[in-house]
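Here is how the chains run, residue by residue.
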Amino acid sequence: MSQITIQCRLIVNEPTRQQLWTLMAELNTPLINELLLRVNQHAEFETWQQKGKLPAGTVKQMCQVLRSDPRFTGQPARFYMSAIAIVDYIYKAWFAIQKRLQRQLDGKVRWFEMLKSDAELLESCGCNLETLRTKARELLAHTSEQPGLTDSLEPKSKRSKKRSGKAQTKPTNTQDEKPNLANALFEAYRETEDTLQRAFICYLLKNGCKVRDREKDPEKFAKKRRKLAIQIERLTKQLAGRRPQGRELTDEVWMETLEVASTKDPEDETEARSWQDALLRKSSVLPFPVTYETNEDLTWFKNDKGRICVKFNGLSEHTFQIYCDRRHLHWFQRFLEDQQLKRSHKNQHSSSLFTLRSGRIAWQEGKEQAPPWNTHHLTLYCTVDTRLWTAEGTQKVRTEKATEIAQQMSKTKEKGGLNEQQQAFLKRRQSTLARINSDFPRPSRPLYQSQPHVLVGVSMGLERPATIAVVDALTNKALAYRSTRQLLGDDYKLLNRQRQQQHQNAHKRQSAQRQGAPIRFSESELGQYIDRLLAKAIVGLAETYRARSIVLPKLENLREAIQSEIQAKAEQKCPELIEAQKAYAKEYRSKVHRWSYARLIANIQIQAAQVGILIEEEKQSIRGSPPEQAKELAIAAYHSRLSHKN
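Residues numbered from 1 in each chain as written. Predicted model: local features only at pLDDT ≥ 70, side-chain atom pairs only at ≥ 80, totals over all residues. Heavy atoms only, no water.

Asker: Before we move on, can you summarise the overall build of the protein chain with the specific residues and values?
Answerer: When its secondary structure is counted, the protein chain shows 24 helices and twelve strands. Burial statistics for the protein chain: of 646 residues in total, 39% are counted as buried. Once local pairs closer than 6 in sequence are excluded, the contacts in the protein chain between residues at least 24 apart make up 71%. Split by element, the accessible area of the protein chain, about 37,500 Å² in all, is 48% carbon and sulfur. (Helix = DSSP H or I, 4+ residues; strand = E, 2+ residues; numbered from the N terminus. Buried < 20%, exposed > 50% of the residue type's maximum accessible area, 1.4 Å probe, protein only. Contact = heavy atoms within 4.5 Å. Areas by Shrake-Rupley, 256 points an atom, 1.4 Å probe, with all protein chains shown as cover.)

Structure below.
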């Protein structure tokens, strides 16, 4: 991913701010709310949900009908297009989340059906316990010896060395084999319909792919099964939860719900819960943003004072001044240069090679007590392609686009008997192909040259926000390790200061909650600054070793890894007392810092994109030390990359 997002403050007079707030809060946001509601209530919504996407043009058709509605008239045409794009994006994200939750639910339901006690397994297979254990041993041996499964049961490091023709003399790690063996058994369970065979597989899976000589504690088994049932209930509730909602900028819905709840009794628990959710839901403060999907919707120029300004399609009578951080100023200067070059050469250059890709006007929440257009701040978010900053990167993008256009034209010509629209499409494509060959005067900087087999794994934990392992995947050896202290160097003291600050804020928050007082303090930006320092050090290390990619842990697996780390410390501290372990874990969580891993990952992604280093994601293991986890993360990503190529 070579795109990053930068931002700046938009400065304009008060009447313009008031007009823009009125357009966004009183017209555009209600339009988006209505579109979301109509999609929710559509007769085909269940079908769309199963397919995981909305049919092309669905939201556009709905918006076309609403454009004549008096509630939404008077908006620039660009605002209607923005509403369509935002609703499409919201549902695309929502469908993706639903798909992931459904996949998790299906897996847990399947495992719940398989997770049976020894008595239930004996009843289903009609044999005694000793026979069950004997057959399970035979199945385990047979599964391990099958040619098709032998490779899958070996660690990835061993498989890679087999491919490269190198001998493997190091003994295999049984802990690494267990997940692969479990996957093989799950696959065998799906493929067979034999009741006996399924019983033997269930016995092995519930016992960790082993045959136990003693029966499992019934209480522990019941607790494990109940825990799984609770997870299924929670996932089911999440899937059945509310569909995408809009932003209510007024308290009208809250007042209506309060009036209904105070005048009649709920019919059932579901209605009571819906009332409670509506009353506890906090109204939104800011309207939806306005998106500009094309870079020519923004016109850049300098005013008489030499300050960079911008005008927007649909708001061309208003001029907005750019106020930005010095480290982002060069980007806005580039936006201006790109457009000036195209205008001065009579459109002989293509806007598809502009550094700016898209923009978005939004409001940032302020703290003053004033009219909303004076309280909140206008902000412009710009998405840029970092490759288009240099001449070499631009040439790479030009080649990709030329290849894509040539393929599109070739497919269209193959159809034969082209109509007027298709001929016009070919003419436009041919014109674009000619314009992208016009050069933009950009600085020269050699493209980042990487070694495909070198990866940087980043493991994340509770005490150590980031631990690095630079790995050569061909030899499965770590070239370098870096701890959080080594990455930060002299700035490590800032991390300790951040921990103290969070600990103090936690005490203040607890005291305020006990007294029922409002919480008036907030976290400083120290954590964000530390994230930037860590990201800079990680990307710098990747450049030093010419790594092809930086491998980050998937956030969905981080919670389990962190909880496992806490549990391990609790068991080590209190090996026999369960209650003491729980108390220690609770106290430990309150003492150590709580890090924003999503923010750290975002900073790494942004800085890696500027250099040209790829970002990969893998699940982080819950076993091993942080350096070992980082190493395994990199190796797993490398083999995943190879499997996708094959």
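Asker: Residue-level account of the packing of helix α4 (residues 77-114) against helix α11 (residues 218-239), with values.
Answerer: Two elements in contact, α4 and α11, have axes separated by 10 Å at closest approach and are oriented at 150°. In terms of axis orientation, α4 runs roughly antiparallel to α11. Crossing geometry of α4 relative to α11 is assigned as left-handed. Residue-level contacts link Gln98, Leu101, Gln102, Gln104, Leu105, Lys108, Val109, Trp111 and Phe112 of α4 to Arg225, Leu228, Ala229, Gln231, Ile232, Leu235, Thr236, Gln238 and Leu239 of α11. (Axes fitted to C-alpha atoms, helices over the stretch in contact; angles between N-to-C directions. Parallel < 35°, antiparallel > 145°, perpendicular 65-115°, else oblique. Left-handed = near helix turned anticlockwise from the far one by under 90°.)

Asker: Quick one: what's the story with the environment of Leu185, residue by residue and with numbers?
Answerer: On the secondary structure map, Leu185 appears in helix α9 (residues 174-191). Among the residues examined, Leu185 registers a relative accessible area of 0% and is labelled buried.

Asker: Quick one: what's the story with the sheet that holds strand β7 (residues 377-385), residue by residue and with numbers?
Answerer: Where strands meet in a sheet, backbone hydrogen bonds hold them as pairs that are either parallel or antiparallel. Taken in spatial order, the seven strands line up as β2-β6-β7-β1-β5-β4-β3 in an open sheet, and their pairing is antiparallel. Of all the strands in the sheet, the pair left with one neighbour each is β2 (290-292) and β3 (298-302). Across the sheet, the mean angle from the axis of one strand to that of its neighbour is 35°, orientation sign disregarded. Against the sheet, helix α1 (residues 14-40) engages β2, β5 (320-323), β6 (356-364) and β7, with an angle of about 95° to β6. (Pairing = 2+ DSSP bridges.)

Asker: Can you lay out a nonpolar patch on the surface for me, pointing to particular residues and giving the numbers?
Answerer: A surface patch of nonpolar side chains, about 270 Å² in accessible area, is lined by Trp254, Met255 and Leu258. Among the structural elements, Trp254 can be located in helix α12 (residues 252-263). Residue classification places Trp254 among the partly exposed positions, given a relative accessible area of 32%. (Patch = residues over 30% accessible without salt bridge, like charges linked within 9 Å, V, L, I, M, F, W, Y side chains within 5 Å. Salt bridge = Lys/Arg side-chain N within 4 Å of Asp/Glu carboxyl O.)

Asker: I'd like a rundown of the packing of aromatic side chains, residues and numbers included.
Answerer: Enumeration over the complete set of coordinates arrives at 15 aromatic pairs. A centroid spacing of 6.0 Å and a plane angle of 40° characterise the contact between Tyr91 and Phe95, whose relative ring orientation is tilted. Within this pair, Tyr91 and its partner Phe95 are both found in helix α4, separated by four residues, close to a single helical turn. When the centroid spacing of 5.3 Å and the interplanar angle of 50° are considered together, the rings of Trp300 and Phe335 count as tilted. With Trp300 in strand β3 and Phe335 in helix α14 (residues 329-344), this residue pair connects regions lying 35 residues apart in the sequence. (Phe/Tyr/Trp six-rings, centres within 6.5 Å; stacked < 30°, edge-to-face > 60°.)

Asker: Got a sec to walk through the packing of α1 against α4? Specific residues and values, please.
Answerer: Running from N to C, α1 and α4 cross one another at 45°; their axes reach a closest spacing of 10 Å. What the angle tells us is that α1 and α4 run oblique. For the pair α1 and α4, the sense of crossing is right-handed. Judged by residue contacts, Leu20, Leu23, Met24, Asn28, Leu31, Ile32, Leu35, Leu36, Val39 and Asn40 of α1 engage Phe79, Tyr80, Ala83, Ile86, Val87, Ile90 and Tyr91 from α4. The residue inventory of the contact of α1 with α4, partitioned by class, reads 15 nonpolar, two polar and no charged. (Nonpolar A, V, L, I, M, F, W, Y, C, P; charged D, E, K, R; others polar.)

Asker: Summarise the pairing of strand β1 (residues 3-11); cite the residues concerned and give the values.
Answerer: Bridge analysis of β1 against β7 gives seven bridges, and the strand direction is antiparallel. Residue pairing in the sheet places Gln7 in a bridge with Tyr381 of β7. With three bridges connecting them, β1 and β5 associate as antiparallel partners. From the neighbouring strand, Arg9 faces β5, where its bridge partner is Tyr323.

Asker: Go over α1 with me, naming the residues and quoting the values.
Answerer: Given 3.6 residues per turn, any residue in an α-helix points the same way as the ones three and four places further on. Helix length check: α1, at 27 residues, gives a terminal C-alpha distance of 37 Å against a target of 39 Å (1.5 Å per residue), a fit within 8%. Remark: the principal bend of α1, roughly 30°, maps to Asn28, with a proline, Pro30, within the next four residues. (Expected span 1.5 Å × (residues − 1). Bend = angle between axes of the 7 residues up to and from the residue.)

Asker: So what about the confidence of the model for the protein chain? Which residues, and what values?
Answerer: Predicted confidence across the protein chain gives a mean pLDDT of 83, with 86% of residues reaching 70 or more. Scored below 50 in pLDDT, residues 147-178 makes 39 contacts in the model with residues more than four places away or belonging to other chains. (pLDDT = per-residue confidence, 0-100.)

Asker: Would you mind going over the pairing of strand β8 (residues 451-459) in detail, with residue names and values included?
Answerer: Burial analysis of β8 places seven of its nine residues in the buried class, the great majority of the element. Relative to strand β11 (residues 547-553), β8 runs parallel, the two being bridged by four bridges. Directly across from Gln451, in β11, lies its bridge partner Ala547.

Asker: Mind laying out the nonpolar core, listing which residues take part and the relevant values?
Answerer: Leu10, Trp300, Phe312 and Leu380 are the most contacted members of the largest nonpolar core, which totals 36 residues. In contact with Phe312, not counting residues within four places along its chain, are Leu10, Tyr292, Asp297, Leu298, Phe320, Ile361 and Leu380. In terms of nonpolar packing, the next biggest core, distinct from the first, is built from 32 residues, Leu526, Leu534, Ile550 and Ala608 among them. (Core = buried A, V, L, I, M, F, W, Y, C linked by side-chain atoms within 4.5 Å.)

Asker: Describe the pattern of salt bridges, and please don't skip the residues or the numbers.
Answerer: Under the criterion given, the structure shown has 17 salt bridges. Among the salt bridges present, the one from Glu34 reaches Arg71, with a minimum N-O distance of 4.0 Å. Pair noted here: Glu34 is in helix α1 and Arg71 is in the loop between α3 (58-66) and α4, with a separation of 37 residues, a long-range link. The class of Glu34 is buried, set by a relative accessible area of 16%. One salt bridge in this structure joins Arg387 and Asp385, with 3.2 Å as the shortest N-O distance. On the basis of relative accessibility, which here comes to 25%, the residue Arg387 falls in the partly exposed class.

Asker: Give me the environment of Thr379: which residues, what numbers.
Answerer: Here Thr379 shows up in strand β7. It is 8.8 Å that separates the C-alpha atoms of Thr379 and Ile11, two residues lying 368 residues apart in sequence. Discounting chain neighbours no more than four positions away, the residues touching Thr379 are Gln7, Cys8, Leu10, Arg360, Ile361, Ala362 and Gln364.

Asker: Pulling in residues and values, what's your account of a negative patch on the surface?
Answerer: The grouping of Glu248, Asp251, Glu252, Glu256 and Glu259 at the surface amounts to a negative patch. Tracing the backbone through its elements, the reader meets Glu252 in helix α12. (Lys, Arg positive; Asp, Glu negative; His and termini not counted. Charge placed at Lys NZ, Arg CZ, Asp CG, Glu CD.)

Asker: Could you give an account of unusual backbone geometry, with specific residues and numbers?
Answerer: You will see that Asn476, though not glycine, has its phi angle at about 60°, which is positive. Residue classification places Asn476 among the buried positions, given a relative accessible area of 9%.

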